[in-house]
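Each chain, letter by letter, is given below.
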Amino acid sequence: AARIPDGADPVEVAPILCAGVTVYKGLKMTGVRPGEWVTISGIGGLGHIAVQYAVAMGMRVIAADIAQEKLDLATKHGAEIVVDASSEDVVERVRELTDGAGADVVYDSVGRSTFDESLRATRVRGTVVLSPGRTEPIEKYFEAVDDFRRRGFAVLAHDWRGQGLCDRPLPDRL
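Predicted model only: the values in this text are computed from it and were never measured. (Residues numbered from 1 in each chain as written. Predicted model: local features only at pLDDT ≥ 70, side-chain atom pairs only at ≥ 80, totals over all residues. Heavy atoms only, no water.)

J.: How should the pattern of salt bridges be read in this particular structure?
T.: A side chain of one charge can pair with a side chain of the opposite charge if their charged atoms are brought near each other. Evaluation of the coordinates by the stated rule reveals five salt bridges. Across the pair E80 and R60 runs a salt bridge whose closest N-O atoms are separated by 2.4 Å. Separated by 20 residues along the polypeptide, E80 in the loop between α3 (68-76) and β3 (81-84) and R60 in strand β2 (residues 60-65) bring together distant segments of the chain. A residue is classified by how much of its surface remains accessible, and E80, at 39% relative accessible area, is partly exposed. (Salt bridge = Lys/Arg side-chain N within 4 Å of Asp/Glu carboxyl O. Helix = DSSP H or I, 4+ residues; strand = E, 2+ residues; numbered from the N terminus. Buried < 20%, exposed > 50% of the residue type's maximum accessible area, 1.4 Å probe, protein only.)

Right under this line is the structure:
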């Protein structure tokens, strides 16, 4: 169980116990190492924490969003590069920054609308972490997972919300 220091403000601690744990586990499970590229798509509730953890873990961070204030927040929290997805091609920019290889890890906290972009921004044998908020019905995520499997991707699911992702058969690792 997590130990919360005496006198800690519950309002300040609460986001770390939910969004913080989600993001930390998502990044740690990828095996990403210091110096590797991590692209974080969506600098909202999960994304701004992902930026902070990835920076603290020594990753090179590219933050992508459509809102300038969120890109400013990512910069404040240490993102090396920010990409305005409303006016720049995120995949093209990530590939340019990584000498054509793509990011080692893409942490997608947006949803179905960015899933394909996240795949294209990831290097061969890289990892995409899908951790979008509940902006779309869960069926959309199942559709995305099925789509990824049809394309030959290994899908490893972590069912932290009890939504049944782990109830679906997972393929052998590629």
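J.: Hey, could you run me through the side chain of D65 in this one?
T.: Relative to the elements of secondary structure, D65 occurs in strand β2. Separated by 3.0 Å, the side chain of D65 and the backbone nitrogen of A67 make a polar contact. Beyond its immediate stretch of four places on either side in the chain, D65 contacts G42, I43, K70, L71, V83, D84, A85 and S86. (Polar contact = N/O pair within 3.5 Å; in protein donor to acceptor, adjacent residues only side chain to side chain. Contact = heavy atoms within 4.5 Å.)

J.: It is not clear to me how the sheet that holds strand β1 (residues 37-41) should be interpreted in this structure. Could you clarify?
T.: Consider a sheet: its strands pair through backbone hydrogen bonds, and that pairing is either parallel or antiparallel. Pairing is parallel in the open sheet, where five strands are placed in the order β3-β2-β1-β4-β5. Edge positions in the sheet fall to β3 and β5 (122-130), since each has one partner strand and no second. Put simply, the sheet's adjacent strands are angled 20° from each other on average, direction ignored. Pairing of strand β4 (residues 103-108) with β5 involves five bridges; the strand directions are parallel. Across the sheet, Y107 pairs through a bridge with V129, a residue of β5. (Pairing = 2+ DSSP bridges. Axes fitted to C-alpha atoms, helices over the stretch in contact; angles between N-to-C directions.)

J.: Whenever I open this one, the packing of helix α1 (residues 10-30) against helix α2 (residues 47-56) confuses me. Can you help?
T.: Packed helices, taken two at a time, are described by the angle between their axes plus the distance between the axes. Following both chains from N to C, one finds α1 and α2 inclined at 55°, their axes separated by 9 Å at the closest point. Of the possible angle classes, the one that applies to α1 and α2 is oblique. Helix-helix and strand crossings are classified by hand; for α1 and α2 the assignment is right-handed. Only I49, A50, Y53 and A54 of α2 make contact with α1, whose side of the interface consists of P15, I16, A19, G20, V23, Y24 and L27. Split by residue class, the contact of α1 with α2 holds ten nonpolar, one polar and no charged. (Parallel < 35°, antiparallel > 145°, perpendicular 65-115°, else oblique. Left-handed = near helix turned anticlockwise from the far one by under 90°. Nonpolar A, V, L, I, M, F, W, Y, C, P; charged D, E, K, R; others polar.)

J.: Looking at this structure, how should I read the side chain of S118?
T.: Secondary-structure assignment places S118 in helix α5 (residues 112-120). Using a relative accessible area of 3% as the deciding quantity, one classes S118 as buried. Other than its neighbours up to four places away in sequence, S118 contacts V106, D108 and V128.

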